[in-house]
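So you can see what is in the structure, the chains are spelled out below.
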Amino acid sequence: MFKAPKCIIFDLDGVLTETSKQHFQAWSKLAQKLGIDLKPEFEEHLKGVSRKESLERILTFGGVTLSEEEKEVLMAEKNTHYQTLIKQFTKDNLFENVEDLLNYIKSKGVLLALGSASKNAPSLLRSLGIKKYFDYIVDPRGKASKPSPDIFLDAMKHFKLSADQCIGIEDARAGVIAIKDAQMVAIGIGTKENLPEADIHFAETKQLLPYLKQRL
Ligand code: BG6
Ligand code: MG
């Protein structure tokens, strides 16, 4: 199943660092204002999907209808809160091994792309001190939210590669489905139960380095 790739496309949130608690905290506060009580289980439904799609899922869950203008205001509010929650992020917030992992991949001449749905990704990469490793960062603006394959296909087209030359790494089910829809091999950070569509599973990102050392 695993063939040495020319490009590895990483998701950011939940793969290189943990931000889903912060995203969820910001959404929960906003939901409360709307009279919607988000249970902890809802966090999983928001992983990997765009800001707009996250809000739509919350509104549908709460049975609340809003105008597009009202949605824009709420999304901006959520984002301001989220940004304050990640303001102190540094290298220390990287998952174990991440810098060694990126260094190793680069040393093997494999291209690195970031395929995150987050518009905060470039600034977060800077805070984490790892922006320099990426040959390309997909701009999610104007692209369909995961589980659409748009973000992964954009990275592939940027490098003029074919799907079988790329591997995607994701922690969210929406992201894994997007990778598979793009016809790429999908590595899931999580369990087979949570990410049934992934080809290969690891419980944690730190397990990727020893695995790739035997294959690249
Ligand atoms: C994804 C997160 O990486 O980015 C989602 O998993 C988030 O939870 C999405 O909604 C969009 O992020 P942002 O920073 O553009 O609101
Ligand atoms: Mg993720």
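Going by the structure above, here's the rest.
Bear in mind that the values here come from a model prediction, so they are computed numbers and not experimental data.

Undergrad: Looking at this model, I keep getting lost on the environment of G62. Mind explaining?
TA: If you trace the backbone, G62 turns up in helix α3 (residues 51-62). Taking relative accessible area as the criterion, G62 reaches 34% and is therefore assigned partly exposed. Along the backbone, G62 and C7 are 55 residues apart, and their C-alpha atoms lie at a distance of 41 Å.

Undergrad: Looking at this model, I keep getting lost on the nonpolar core. Mind explaining?
TA: In summary, soluble globular proteins display a tendency toward joint burial of nonpolar side chains. Judged by nonpolar contacts, the single largest core of 37 residues is most densely connected at F10, L16, I130, F134 and I169. Of all the secondary structure elements, the ones that give two or more residues to this core are β1 (7-10), α5 (98-107), β2 (111-114), α6 (121-128), β4 (166-170), β5 (185-189), β6 (200-202) and α9 (208-213). Sorting elements by how many residues they give to this core places α5 first, with five residues. Taken domain by domain, this core gets at least three of its residues from each of domain 1 (7-17 + 91-213) and domain 2 (20-86). Ranked by size, the runner-up nonpolar core spans 22 residues in total, among them Y136, V138, F152 and A178.

Undergrad: I keep staring at the site of ligand 1 and nothing clicks. Help me out?
TA: Looking at ligand 1, there are 15 residues lining it, with D13, R51, S118, K119 and N120 nearest. Within the backbone of K119, one N or O atom sits 2.7 Å away from an oxygen atom of ligand 1. Expressed as a share of its isolated accessible area of 390 Å², the protein-covered part of ligand 1 is 96%. In this structure, ligand 1 is accommodated by the largest pocket. Considering only residue class, the shell around ligand 1 consists of three nonpolar, seven polar and five charged. Here the shell around ligand 1 spans two domains, and each of domain 1 (7-17 + 91-213) and domain 2 (20-86) adds at least three residues to it.

Undergrad: Looking at this structure, how should I read the pairing of β4?
TA: Two faces belong to every sheet, and in a regular strand the side chains alternate between them. With respect to burial, β4 is a largely interior element, five of its five residues being buried. Side chains C166, G168 and E170 project from β4 onto one buried face, and the interleaved I167 and I169 project onto a second face that is buried too. Of the pairings in the sheet, the one linking β1 to β4 comprises four bridges and is parallel in character. Directly across from C7, in β4, lies its bridge partner C166. Here four bridges tie β4 to β5, and the two strands are oriented parallel to one another. Bridge pairing in β5 links E170 to G188. For the crossover that starts at β4, traverses helix α8 (residues 173-181) and ends in the parallel β5, the hand is right-handed.

Undergrad: Would you mind showing me how to read the side chain of D11 here?
TA: Relative to the assigned elements, D11 resides in the loop between β1 and α1 (20-33). Taking relative accessible area as the criterion, D11 reaches 4% and is therefore assigned buried. In this structure the side chain of D11 is engaged in a polar contact, spanning 3.3 Å, whose partner is the side chain of K146.

Undergrad: Even after reading the chapter, I still don't get the pattern of salt bridges, so can you show me in this structure?
TA: Opposite charge on two side chains permits them to pair, given that their charged atoms come into close proximity. A complete count under the given rule lists 18 salt bridges for this structure. Close ionic contact of K47 with E44 constitutes a salt bridge, the shortest N to O distance being 3.2 Å. For E44, a relative accessible area of 40% translates into the label partly exposed. Across the pair D139 and R141 runs a salt bridge, and its minimum N-O distance is 2.9 Å. Salt bridges sharing partners connect three or more residues here, namely K52, E56, E68 and K71.

About the criteria used
Residues numbered from 1 in each chain as written. Chains lettered and ligands numbered in written order. Predicted model: local features only at pLDDT ≥ 70, side-chain atom pairs only at ≥ 80, totals over all residues. Heavy atoms only, no water. Helix = DSSP H or I, 4+ residues; strand = E, 2+ residues; numbered from the N terminus. Buried < 20%, exposed > 50% of the residue type's maximum accessible area, 1.4 Å probe, protein only. Core = buried A, V, L, I, M, F, W, Y, C linked by side-chain atoms within 4.5 Å. Domains from an automatic or database assignment. Near = heavy atom within 4 Å. Polar contact = N/O pair within 3.5 Å; in protein donor to acceptor, adjacent residues only side chain to side chain. Areas by Shrake-Rupley, 256 points an atom, 1.4 Å probe, with all protein chains shown as cover. 1 Å grid on protein atoms, 1.4 Å probe; cavity = no way out; pocket = protein on both sides within 12 Å on 5 of 7 lines; lining within 4 Å. Sits in = over half its atoms within 2 Å of the grid points. Nonpolar A, V, L, I, M, F, W, Y, C, P; charged D, E, K, R; others polar. Pairing = 2+ DSSP bridges. Right-handed = clockwise from strand over helix to strand, strands pointing away. Salt bridge = Lys/Arg side-chain N within 4 Å of Asp/Glu carboxyl O.

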